[in-house]
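Chain by chain, the residues:
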Amino acid sequence: MIINYKTDQEIDDMKRAGALAYELLDLAASTIQVGISTKEISDIIHDYTLSKKATSAPLGYMGFPEACCTSVNHVVCHGIPSKDHILKEGDIINVDVTPIVNGFHGDTSRTFFVGDDSQVSQTAKNLVRCAKECLDLAISKIHHGCTILDIAKTITKHAHKQGFSVVRDFVGHGIGRTFHEDPNIQHCSTVAKLQPPIPLSKGMCFTIEPMINEGSLHTKILNDGWTAVTIDGKLSAQFEHTIGIRSDKTVDILTLP
């Protein structure tokens, strides 16, 4: 494992990328509506990214064909935007963006309701709320010297208390000038317990991005090689932020305005 520790100046640079990422999700929120295709959402995000003299990290990454991921309903992550996928009343959709600004990545995602909230099932509302709470609680537990297991325990405890499961097939990750760096950030405590305790320390930048499932925690990859779905066809929700720990041990959420 090779961890790329960042200076405070580099964390400031990452915060600029994170601020644009936050803007992109606000743009997605204003764009999402019944009848729009996920491809249209991706195109709008890509055009806005270019207008800010930035680039979209997902586009072309290991062959990924679009500027963001759009994961609808039972899609856990890495959903490929498509002109044929039209959003319907009551859907939930996670939009995951990663702009690159001056060489640094800002990685964040949110799950949105489509159409009138009254048409979204109570299960979906509870699941989305739980996923957001899992992220917020995990961030609140971060301090210099805490471990990845501490994060995973917090997420797993809260999700299980609400009757939901935590995906273990996909994890958070270190980030900086490279999209994915060490270490992996486990969200599921069962998996995290099997790894050596990795303390989070000053200079580290990483994402926390718990994927919370309505039913089984297990997933499968579709034939496109990217789209991950729940094994039982039940709903999945996710929220994500990029976090930095500064030289004074302050914990900073980098993907905020």
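Heads up: the structure comes first, above all this text.
Not measured: the values here are computed from a predicted model.

## Overview of the packing of aromatic side chains
For the structure shown, the criterion picks out two aromatic pairs. Consider the rings of F64 and W226, whose centres lie 5.1 Å apart with planes at 85 degrees: the pair is edge-to-face. One end of the pair, F64, is in the loop between β1 (55-56) and β2 (69-72); the other, W226, is in the loop between β13 (219-221) and β14 (228-230), with 162 residues separating them in the sequence. A relative accessible area of 2% places F64 in the buried class.

## Points about the pairing of strand β16 (residues 241-245)
Most of β16 is tucked away, with five of its five residues classed as buried. Judged by which residues are buried, β16 turns out to be covered on both faces: H241, I243 and I245 on one side and T242 and G244 on the other are all buried. In this sheet, β16 lies alongside strand β11 (residues 205-208) in antiparallel orientation, the contact comprising four bridges. Paired with F206 across the bridge in β16 is I243. The pairing of β16 with strand β17 (residues 251-253) spans three bridges and is antiparallel. If you follow G244 over to β17, its bridge partner there is D252. The loop that links β16 with its antiparallel partner β17 comprises five residues; one of these, K249, has a positive phi angle of about 75 degrees.

## Some words on the sheet that holds β2
By way of backbone hydrogen bonds, the strands of a sheet pair with one another, either parallel or antiparallel. On the basis of which strands lie adjacent, the open sheet formed by three strands has the order β2-β4-β7 and antiparallel pairing. Two strands close off the open sheet at either side, each with one partner strand: β2 and β7 (108-113). Strand-to-strand twist of the sheet, defined as the mean angle between neighbouring strand axes without regard to direction, takes the value 20 degrees. When β2 meets strand β4 (residues 92-97), the two strands line up antiparallel, connected through four bridges. For S71, the partnering residue across the bridge sits in β4 and is N94. Across the sheet, helix α3 (residues 122-141) touches β4 and β7, and the angle it forms with β7 is around 160 degrees.

What counts as what
- Residues numbered from 1 in each chain as written.
- Predicted model: local features only at pLDDT ≥ 70, side-chain atom pairs only at ≥ 80, totals over all residues.
- Heavy atoms only, no water.
- Phe/Tyr/Trp six-rings, centres within 6.5 Å; stacked < 30°, edge-to-face > 60°.
- Helix = DSSP H or I, 4+ residues; strand = E, 2+ residues; numbered from the N terminus.
- Buried < 20%, exposed > 50% of the residue type's maximum accessible area, 1.4 Å probe, protein only.
- Pairing = 2+ DSSP bridges.
- Axes fitted to C-alpha atoms, helices over the stretch in contact; angles between N-to-C directions.
- Contact = heavy atoms within 4.5 Å.

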